[in-house]
Structures are given as C-alpha cells and as structure tokens.
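# Analysis of the macromolecular model
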Amino acid sequence: MLPPNILFILTDQQRWDTCGCYGQALPVTPQLDEMAREGVRFEYAFTSQPVCGPTRACLQTGRYATETGVHINHRMLPPTERTIAHHLADAGYETGYIGKWHLASTGPEGGPDDFRTRAVPPERRGGYRDFWLAADVLEFTSHSYDGHVFDRDMQRRDFPEGRYRVDALTDWALEYLRSRDGKRPWFLFLSYLEPHHQNDHNHHEGPIGSTRRFRNFVPPPDLVNASGDWRHEYADYLGSCHSIDTNLGRLLDELIWLGMVRDTVVVFTSDHGSHFRTRNAEYKRSCHDASIRVPLVITGPGFKAPRGARRAAGVSPAAFQPRGVSELVSLMDLPPTLLTVAGLTPPPAMRGRPLQQLLGPTPPADWPQEVFVQISEDHCGRAVRTRRWKYSVRGLHVTGADPAAETYVEDCLYDLAADPHEQTNLVADPAYAAVRAELAETLKRRMAAAGEAVPVIVLTPPTPLS
C-alpha cells in the first residue's frame, strides 16, 4: 500500500484572522472553513521568521534560517541542504513545485547568481526533481493579470491572457493532479504569491471587483487606531484571500473527482502575516502577532476525515465543528510532520516535532510552551511567544542583514492576556522585571537550541515612576 500523497499549499503574507475558521466575519474562506471542519485546525500557529525567503528555507529544511544561511531574502539555499523534497523523493515520491520559490538567488541584482527574473537551474531547486513550474521571485516576473514562470526545462510559461495569477497557478496544479498515474505517491508544493502586495505597484491586487466586494470589512483590532495603509489595501487583501480560497475548493473537488481524496494529506498555511505598515515601514519583519501568526489547517489520512468522506456518508459538514489544537505550534513543525505522513523518521537536524503528536487524547507533557522567532532585515531580532507573553529583543551594534548579535537589548513585552492586540509595550515597566528576566532566560535557551551562541541580553532599566 502506498503512503499518502501530500498537497502543500502555501500563501504569502496571509494573516490568520482573514479566515472564517479563525473568526473572520465576512465569507472570505468558506472552502478552508469546511476543510477545518473535516480536518484539524491549529489555533495558535506561528512562523519561525516573518519574511519570505527565510521562512521558505525553514519549511524546506526543518532548520532555522541562521543554520542554513538564508536569514534574509535573496539568499540561495545551499545545495548541501537536505530538503523535504530530497527525503520524500528518496522514499519513492514524485516531487513537484509550482509558484514562488525565492531560494535560488544570491548576490547583487544582475549578477551571475541572480535568478530573480531568470529560470532557476535544476541544482538550485531544492531537490524538486520531477515537476517544476516556478519563478524564483514571482512578484518580479508577474502581476496579478500578466506574467510568467519557467518550466522544468527552463522554458518560459506565460499566464493565459486575462487570467488572474492565483487561477493560473491553480490551473497548472490541476493539470499536475490529472497527470498522476497512481503508481507512486506524489508531493506537490503549491506556493501562491497572494495576498502579498505587488512590489512595483505598491498595492495589493485582488481580483477585479475586490475593492467593492469587501469594502465593508471590519478592520482587525490591532489596526483600528493605527496609521499604515490598511484603509486603502485591506479590501483587496481580502479579495486575494478569497481567490485563494475559491481555488482551494477547485483543488479539493478535483481530488474527490480523481478518487484521491482519501489518500491525500492537504496542508494549508502561510509564510507570515501582515501588519500593514503599522509596526515598521513595511508589512512584516516584526515580533507582533500580525506578522508572525498564520493559519494552519491540515486534512487527510491521520488528520481526521478527508474532505467528502462525511458528505459521501450523507452527513452534513455543517454538523461538525473544527477540531482545534490549542498548543502553540511553529512552521518548523511542518517538515517533520510531512516526513511522518510518509512513514519516515524525521532526522535529528530537523528542529521541530511532528504535529501528529498533538492529535492523541493527551498532548505530550514536554511539548514546548513557547515558539521561537528569528527576525531580520528590519532589524536583527529574536522573540519568544508563550500563551500569555510576547518578549522580543534586538541586536546591538548590528544591522538587519546580520545573522546574529553578541548582545541584544530588550525591545518589546506584551501581556497577551490583558492586551491581545499588543497596544501597550511593558518592556520598561518595573512591575514586570521578574517576567522579563524569566523570558530572557527562555529566549537564550531557545537560541542555543537553534544552534546560536548564547548572547548577552541587556535588561531595560525601569522607567522612573512620576
């Protein structure tokens, strides 16, 4: 009997609260909401690095961005790194990749190692051997209704005229699914660009009509009293999310039609969120939940019933509530999870743990009580997020391009129980000195576990009371 197929769907810059199964009031994600009812929704899922390329390196390898050297954008994933594609291919899987890669280029634009607008050569594809239809930086080779990717033979493949980018990528993913012969299990990594903004237009480009369709959105509470550009951008942002969801439905229905649904694990998540330029000069690269918290829903074998199983049995999906896992989880946990799906033992180099461990009646007593986040580009930072606290530091005498610092200074402390939208920074409040000291030790422990040198963390002097 073959191990399950795996369809991994990654969006770019999608907040968790865009989804109905996480509380979104508008009908933005009905397909994902049904998938959550039939599978498993991870309530508190977080990225390990709130920027595109580094997160992708983490997802492909199961190792932290500083371990692979891809701690900022436009860094090549070293060919020596063993990826999930390598592991699965060695276990007999067909491996395919569609969409945005962002792990091929390094060095200056226009240099010999710059593939941001050129076809990615096979040796820079991270072990995806069988099927390839991608661009290194998709926002550089396309817009919402025009552009191109490159195929396995490095030949240009243009979007059909007038076809929205999400629709075009999904069309090609459906072609891939229809071409499987069932002799080998397959692993397809489908990496959408949306709802990321279009860089050269400085705008989120939802499908035509998005601005009007979602103009009555309710802004997330963390944005309400903030500046940023969310007032002009959020409707199209939701439009992009809705387009992804519609295409998720196309993919899931195709699995039913092809008879693959009972044999396929489907993972839906995003690389990071977006704070709409309310925390720094752009959209992410901060410790805040708006940057680091993401949706994560999994269905298929081992993750409750696959889509269509209850429908086929004559039971309404609406009768089932999402099965929620409340433990804190990280995108670092996904690589070992995928290998476990395939019946493989994750190698010790992978830093996360299989999420299957959380699906029994009792979670493991030693499951981490915090997630660890590395931050780059805006600044060189580190953070831990527990159920109650958010604690972050930033490197002293370094830039955001530096991988690490010897000394860090405290940056943020939020009490998420009293202040879930992170409006009041308590880092200088003397009442929380003991909390900060304890979290600093937790952070240093997590940095050491990620292969980093244990730093000095300078505690913030208390602000004198007036």
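Everything in this summary refers to the structure shown in the same document.

Conventions and cut-offs
Residues numbered from 1 in each chain as written. Predicted model: local features only at pLDDT ≥ 70, side-chain atom pairs only at ≥ 80, totals over all residues. Heavy atoms only, no water. Helix = DSSP H or I, 4+ residues; strand = E, 2+ residues; numbered from the N terminus. Rg over C-alpha atoms; globule rule 2.2 N^0.38 Å. Buried < 20%, exposed > 50% of the residue type's maximum accessible area, 1.4 Å probe, protein only. Contact = heavy atoms within 4.5 Å. Areas by Shrake-Rupley, 256 points an atom, 1.4 Å probe, with all protein chains shown as cover. Lys, Arg positive; Asp, Glu negative; His and termini not counted. Charge placed at Lys NZ, Arg CZ, Asp CG, Glu CD. Pairing = 2+ DSSP bridges. Axes fitted to C-alpha atoms, helices over the stretch in contact; angles between N-to-C directions. Parallel < 35°, antiparallel > 145°, perpendicular 65-115°, else oblique. Nonpolar A, V, L, I, M, F, W, Y, C, P; charged D, E, K, R; others polar. Core = buried A, V, L, I, M, F, W, Y, C linked by side-chain atoms within 4.5 Å. Expected span 1.5 Å × (residues − 1). Salt bridge = Lys/Arg side-chain N within 4 Å of Asp/Glu carboxyl O.

### Examining the overall build of the chain
- Of regular secondary structure, the chain possesses twelve helices and 17 strands.
- In terms of overall dimensions, the chain is globule-like: its C-alpha atoms have a radius of gyration of 21 Å, near the 23 Å expected for 466 residues.
- If you line up the chain on its principal axes, its C-alpha atoms span 70 × 55 × 50 Å.
- The burial tally for the chain puts 61% of its 466 residues in the buried class.
- Within the chain, contacts between residues at least 6 apart in sequence are counted, and of these 68% link residues at least 24 apart.
- For the chain, the exposed surface amounts to about 17,600 Å²; the carbon and sulfur share of it is 53%.
- Between the mean site of the 50 positive side-chain charges and the mean site of the 57 negative ones, the chain shows a separation of 3 Å.

### Overview of the pairing of strand 9 (residues 264–270)
- Taking burial as the measure, the seven residues of strand 9 include seven buried ones, the bulk of the element.
- Across the two faces of strand 9 the burial is the same, with Thr264, Val266, Phe268 and Ser270 and Val265, Val267 and Thr269 all buried.
- Bridging between strand 1 (residues 5–11) and strand 9 involves seven bridges; their strand directions are parallel. Residue pairing in the sheet places Asn5 in a bridge with Thr264 of strand 9.
- Summarising the sheet, strand 9 and strand 11 (residues 296–299) pair through four bridges and their orientation is antiparallel. Following the sheet pairing, Val266 is matched in strand 11 by Thr299.

### A closer look at the packing of helix 1 (residues 30–38) against helix 8 (residues 230–257)
- Their axes nearest at 7 Å, the elements helix 1 and helix 8 cross at an angle of 55 degrees. In terms of their interaxial angle, helix 1 and helix 8 are classed as oblique. Along the contact surface, helix 1 presents Pro30, Gln31, Leu32 and Met35, while helix 8 presents His242, Asp245, Leu248, Gly249 and Leu252.
- When the residues that make up the contact of helix 1 with helix 8 are grouped by side-chain class, the tally is five nonpolar, three polar and one charged.

### A word on the sheet that holds strand 15 (residues 389–395)
- Across the sheet, which stays open at both edges, the five strands sit in the order 13-14-15-16-17 with mixed pairing between neighbours. In the strand order of this sheet, the two ends are held by strand 13 (370–375) and strand 17 (456–458), each with one partner. Across this sheet, the average inter-strand angle for adjacent strands is 25 degrees, counted without regard to direction.

### Quick look at the nonpolar core
- Membership of the largest hydrophobic core comes to 83 residues, with the highest contact counts inside it found for Phe187 and Leu296.
- At eight residues, the largest contribution of residues to this core is made by helix 6 (residues 165–178).
- Excluding residues that lie within four positions of it along the chain, Leu296 makes contacts with Tyr22, Val40, Arg41, Phe42, Ala45, Val267, Phe268, Thr269, Val329, Leu334 and Leu355.
- Listed in part, the 21 residues of the second largest apolar core include Cys380, Trp389, Ala405 and Leu413.

### Points about helix 12 (residues 433–449)
- In this model helix 12 runs 25 Å from its N-terminal to its C-terminal C-alpha over 17 residues, within 8% of the 24 Å that 1.5 Å per residue would give.
- Along helix 12, the residues that are buried comprise Arg436, Leu439, Ala440, Thr442, Leu443, Lys444, Arg446 and Met447.
- In this structure, the buried residues of helix 12 make contact with strand 13, strand 14 (381–386), strand 15, strand 16 (407–415) and strand 17.
- At the C-terminal side of helix 12, Gly451 shows a positive phi close to 85 degrees.

### With respect to the packing of helix 6 against helix 8
- The N-to-C vectors of helix 6 and helix 8 enclose an angle of 10 degrees; their axes lie 10 Å apart at closest approach. Put simply, helix 6 runs roughly parallel to helix 8. Listed contacts from helix 8 to Val166, Asp167, Thr170, Asp171, Ala173, Leu174, Leu177 and Arg178 of helix 6 are Ser243, Ile244, Asn247, Arg250, Leu251, Glu254 and Leu255.

### Describing the pattern of salt bridges
- By the definition in use, this model includes 36 salt bridges.
- The salt bridge involving Arg250 is made with Asp171; its shortest N-O contact spans 2.7 Å. Separated by 79 residues along the polypeptide, Arg250 in helix 8 and Asp171 in helix 6 bring together distant segments of the chain.
- Of the residues examined, Arg250 reaches a relative accessible area of 28% and is grouped as partly exposed.
- Put simply, Asp411 and Arg394 hold a salt bridge, and the shortest N to O gap is 3.3 Å. Separated by 17 residues along the polypeptide, Asp411 in strand 16 and Arg394 in strand 15 bring together distant segments of the chain.
- Taken together, the shared-partner salt bridges in this structure form one network comprising Asp12, Arg56, Lys100, Glu139 and Asp271.

### Things to note about the environment of Pro54
- Tracing the chain through its elements places Pro54 in helix 2 (residues 52–61).
- On a C-alpha basis, the gap between Pro54 and Ala349 in space is 17 Å, while along the polypeptide they are 295 residues apart.

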